Amino acid sequence: MKKFWLAMAAFVMAMLPLSPAMAQSMTDEELAELAQFPLTEPLLAKLIAAAKEINTQKVDLGGGADMSKMETLAQLVGQIEASPKARDIIVRNGLTPHDFLYGMLAIADAVAAAQPGVDDVILSYTNAANIDFYKSHHTQIDAFLAGRL
């Protein structure tokens, strides 16, 4: 179980906040959508539930593909959709692969943006309300990312 959480945290934190190279390759629409994607308590609960089930079943979110080589969010969503087990778990937990990925990205971006001395690039595509959400839910989100939930 800890292995999944380490992999999930590594995936989220390695790719997110989005690297400047990935942010540059994303479409303007993807950047705008990510900047407006809202974190909520119901979404967080669904993300946690889906991640726990993915962990329990040891499902590869990318279906074996190297997701770190994906350049756009559409490519990342496509990889998750191409993994039937991952897609089914995500859908069963009330999410779409798109919302799962964007939710994870929004969490990671909010975590990064809440840190002292944050880069202006991160702030440019991070929803200010999500930073506040993280600050008010940091104990739960930090435990989630550390695999303690």
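1. Some words on the overall build of the protein chain
A count of helices and strands for the protein chain gives nine helices and zero strands. Taking all 149 residues of the protein chain together, 47% fall into the buried category. A separation threshold of at least 6 residues defines the contact pool for the protein chain, and within that pool the share at least 24 residues apart is 71%.

2. Considerations on the pattern of salt bridges
A complete count under the given rule lists two salt bridges for this structure. Put simply, Arg92 and Glu53 hold a salt bridge, and the shortest N to O gap is 2.4 Å. With Arg92 in helix H6 (residues 84-92) and Glu53 in helix H4 (residues 41-56), this pair connects stretches of sequence that are 39 residues apart. Looking at Arg92, the relative accessible area reads 51%, which means it is exposed. The partner of Asp88 in a salt bridge is Arg87, with the nearest N and O atoms 3.8 Å apart. Judged by its relative accessible area of 39%, Asp88 is partly exposed.

3. Points about the packing of H4 against helix H9 (residues 128-145)
At a minimum axis separation of 12 Å, H4 and H9 run at an interaxial angle of 10°. It follows from the interaxial angle that H4 and H9 lie roughly parallel. Every residue of H9 that contacts H4 at Glu41, Leu44, Leu47, Ile48 and Ala51 is listed here: Phe133, His137, Gln140, Ile141 and Phe144. Considered class by class, the residues forming the contact of H4 with H9 number seven nonpolar, two polar and one charged.

4. Regarding the environment of Leu47
Tracing the chain through its elements places Leu47 in helix H4. For the pair Leu47 and Asp99, spaced 52 residues apart in sequence, the C-alpha to C-alpha distance is 9.0 Å. Discounting residues that sit within four places of it in the chain, Leu47 has contacts with Leu95, Asp99, Phe100, Gly103, Met104, Ile107 and Phe144.

5. A few points about the packing of aromatic side chains
In total, this model carries one aromatic pair according to the counting rule given. With a centroid separation of 5.8 Å and an interplanar angle of 45°, the aromatic rings of Phe37 and Tyr102 are classed as tilted. Remark: Tyr102 occurs in helix H7 (residues 97-113) and Phe37 occurs in the loop between helix H3 (28-36) and H4; sequence separation between them is 65 residues. Assigned by exposure class, Phe37 and Tyr102 land together as buried.

6. Details of unusual backbone geometry
At Lys58, a position not held by glycine, the phi torsion is positive, near 55°. Along the polypeptide, Lys58 turns up in the loop between H4 and helix H5 (73-81). What makes Lys58 exposed here is its relative accessible area of 74%.

About the cut-offs
Residues numbered from 1 in each chain as written. Predicted model: local features only at pLDDT ≥ 70, side-chain atom pairs only at ≥ 80, totals over all residues. Heavy atoms only, no water. Helix = DSSP H or I, 4+ residues; strand = E, 2+ residues; numbered from the N terminus. Buried < 20%, exposed > 50% of the residue type's maximum accessible area, 1.4 Å probe, protein only. Contact = heavy atoms within 4.5 Å. Salt bridge = Lys/Arg side-chain N within 4 Å of Asp/Glu carboxyl O. Axes fitted to C-alpha atoms, helices over the stretch in contact; angles between N-to-C directions. Parallel < 35°, antiparallel > 145°, perpendicular 65-115°, else oblique. Nonpolar A, V, L, I, M, F, W, Y, C, P; charged D, E, K, R; others polar. Phe/Tyr/Trp six-rings, centres within 6.5 Å; stacked < 30°, edge-to-face > 60°.

These figures capture arrangement, not role.
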